[in-house]
Amino acid sequence: MPRALHTHRFRSIIAVGFCFLFARGISAQGFDKLGMKKKITLHRKLPAVIHFTGTTFQVEVTSRDPKHADVAAILKDRLETELSKSNPHLQADEKSPELIITCIITSFDQPPDDHFVKNETVMAKGAPNAQGKQQSKPVEVPVQYKKIRGSLDVSYEARDRNHHTLDAKNVPAKYSEDFEVATNQPANKSSLEKMQDPFKRIWGKKKEEPSGPPSPSELRDKLVNEAIDQIVPRITITNEAIEVWLARGKLDEANKSAEGGLWTRYLEQLEQMTPFPKTKDDSYRLYDIGVAYEALAYQSESEDAAKKSLQEAAINYGKAVDAKPDEKNFLEPQKRIQTAMSYLRKLETERKAFEAANAQPAKPEAAASTPPASAAPAPPASKGPTKIAGKTPTKASTTASTKGSAATDTTAAGGAAKPSNGPAKSAKPPAEVLTNDKVIRMSKEKVDEASIIATIHDAPVVDFDLSVEGNIALTRGGVSSNVLAAMRARAKQPNHRTASPGST
C-alpha cells in the first residue's frame, strides 16, 4: 500500500474517532464538557429583621469605658460605610435621620497571650536495622503554643424618628486561636501545610491566606467587622454573590436563558423537556431545575414565596442526588438551601419575639361609676361613721354608701379607689413586682424564652434596671437579647398596681 494512502487513512480514522468522542462528550450530561465548565452568579438577597423604608440614618456609638473611644469611632465609621454599601439608597444624615442606630460598647478585651506546651507525635530517626538502614519511629515532643484571644460586646438598638424601638440585640464578637511559637502557624494547620507554605512563596502564589497571629490592631479590626456583620443584616437587605455550576450537554440550549437571567423561562424549558432515558443523565436536568428555583427564591420580594421556591429547589436537588449519588456537585446546593431556610426561620422567630415583646397590653376596663341595677346598697358598718340627724354626711361615708361593692371592683380592675367599709378580705393583695433578678432566675432555670417574654408582657408591676450595668448583669445571667427587648418595651409602659388592704 502506498505510504501516502496509508497516511490518509490513518488521519481519517483519527478524525472520525475525534468526532465520535466530541459528539459523545456533547450528548452526555454533566458539568465538564471537554474541559469547559459553565458557571453563573446568583445574587442571594437576605431580608432584614426590621421593616425600614426610609433612606436616611444616623449611627451613634459610645463606649462604657472611655479608653475604648477609638474602637467606638472605628465601629461607627465602618457601620456607616457597610450600610451604605449594602443598600445604595441609604445615606448617613446627622440632622434629620429617619432611623437612629445606637451602639454601646459594653466590653472590649484583648488579654495577654497565653503560652502553653502540648505534646505532639513526630517521626524521628531511630537506630539502624540489621541491614544498616536508618529507621524512623514516632516520638512525642513538647511543642510551645500561644493562645490569642479577644472579645467585643455591643449593645445595639434601632429606633425610628419617634424613638420607637424597632430592633435591639446584644451583639457578641469573639476570637480565640492557638499558634505554634516556632512557626507562627495556626494549631489546626497540618504539618504538611506548614511545610508547603515556603514552596508556595517560592512559586509566587499571588493569593495566599495570611499566616501568623494577628497584631492587636488586626485583632481589633476582626472583632469590629464580626460585630458589623451581625448588625447590618438586621437593618437592611444584604446581597450575597454565589457562584453556581450549570449542568451541560443537551441542557446547553436551555442554559442560555439562565445566562440571561430569565429564570422563569429557564424553569419552563427544563420542566417541559422530555426526561432523559437514563436516570443518571436526567439527574442533571433535575439539578438545573433546582438551580432555577433557587434563583427565583433569591429574587423574590415575598418571604413566603422565597420559602416555597427554596423548598422546591431542595426537592429537585434531592431527586438529583437520589438519581446519581456519586455526583459530588449535587451536595453543595443542599447546604446552601439549608443555610437560606435556617436564616428565614430565625428571622421569623426573632420578629415574632420582638413583636410580642412590644405589643401594647390590653387597657384595664374603667370601673363602673354606678352600681348595677340589681346590686343592693351595702349596709353601714357597725363601727363606721353614721349619719347624725341634722348633719350632712361626710364624703367618705357618702362614697361608701352609694358605691358599695363597686369600690372594690374598681380596685380589682387596677384603679386607685379607696376601699369600702365592707369586709377586708374583699380587697386583693398588692401585685408582685417583676425585677431583673427574677428574670435572670427564670433564664437560669431554663424557662423557655416565649414563656419569659409572656411573663414580662403580663406583669402588672415591673422594676427593671436597664442601665449599662443592669444590661451587663442581665447578659451575664444568661438573659437573651429577645427577652431584653421585651424588658425594655415593658419598662416604657405604666405599671398597673393593685391596691393593698388599708391603703389610702
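You'll find the structure just up there.
Just so we're clear, the structure is a prediction, and the values are computed from it rather than from any experiment.

Student: Residues and numbers for the overall build of the protein, please.
Tutor: The helix and strand tally for the protein stands at 15 helices and 10 strands. Counting contacts in the protein only where the partners sit at least 6 residues apart, residues at least 24 apart contribute 74% of the total. Total accessible area on the protein is roughly 30,900 Å²; 54% of this is exposed by carbon and sulfur atoms.

Student: Describe the environment of E177, and please don't skip the residues or the numbers.
Tutor: With respect to the element layout, E177 can be found in strand β7 (residues 165–180). Spatially, the C-alpha atoms of E177 and I148 are 5.4 Å apart, while their sequence positions differ by 29 residues.

Student: Which residues make up the layout of surface pockets, and what values do they have?
Tutor: In this model, the largest pocket occupies a volume close to 710 Å³. Lining the largest pocket we find 33 residues, and of these L46, P47, A48, I237 and E301 sit closest to its centre. Contributing elements (two or more residues each) for the lining of the largest pocket: β1 (38–46), β8 (238–246), α7 (279–299), α8 (303–323) and α9 (331–358). The element best represented in the lining of the largest pocket is α9, accounting for 4 residues. Broken down by class, the residue content of the lining of the largest pocket amounts to 16 nonpolar, 12 polar and 5 charged.

Student: Give a description of unusual backbone geometry that names residues and reports values.
Tutor: Look at H163: it is not a glycine, yet its phi comes out positive at around 65°. By the element assignment, H163 lies in the loop between β6 (136–160) and β7. Accessibility expressed as a relative area gives 47% for H163, which makes it partly exposed. The phi torsion at N184 lies on the positive side, around 60°, for a residue other than glycine. Relative to the helices and strands, N184 resides in the loop between β7 and α3 (191–202).

Student: Can you tell me about the side chain of S309, naming the residues and giving the values?
Tutor: You can see S309 is positioned in helix α8. The exposure class of S309 is buried, given its relative accessible area of 14%. Not counting residues up to four positions away in its chain, the partners in contact with S309 are Y293, L296 and A297.

Student: Account for the pairing of strand β4 (residues 99–109), with residues named and values stated.
Tutor: Along β4, 8 of the 11 residues are buried, which leaves the element largely enclosed by surrounding structure. Pairing analysis gives 7 bridges linking strand β2 (residues 56–63) to β4, with the strands arranged parallel. The residue bridging V61 from the neighbouring strand is C103, located in β4. With 10 bridges connecting them, β4 and β6 associate as antiparallel partners. Paired with I104 across the strands is S155, a residue of β6.

Student: Provide a residue-level description of the side chain of Q58, including the pertinent values.
Tutor: Inspection of the secondary structure puts Q58 in strand β2. Within the structure, Q58 has its side chain in polar contact with the side chain of E94 (distance 3.0 Å).

Parameters and conventions
- Residues numbered from 1 in each chain as written.
- Predicted model: local features only at pLDDT ≥ 70, side-chain atom pairs only at ≥ 80, totals over all residues.
- Heavy atoms only, no water.
- Helix = DSSP H or I, 4+ residues; strand = E, 2+ residues; numbered from the N terminus.
- Contact = heavy atoms within 4.5 Å.
- Areas by Shrake-Rupley, 256 points an atom, 1.4 Å probe, with all protein chains shown as cover.
- 1 Å grid on protein atoms, 1.4 Å probe; cavity = no way out; pocket = protein on both sides within 12 Å on 5 of 7 lines; lining within 4 Å.
- Points joined across faces, edges and corners; volume = space filled by probe spheres on them.
- Nonpolar A, V, L, I, M, F, W, Y, C, P; charged D, E, K, R; others polar.
- Buried < 20%, exposed > 50% of the residue type's maximum accessible area, 1.4 Å probe, protein only.
- Pairing = 2+ DSSP bridges.
- Polar contact = N/O pair within 3.5 Å; in protein donor to acceptor, adjacent residues only side chain to side chain.

The values are spatial; any link to function lies outside them.
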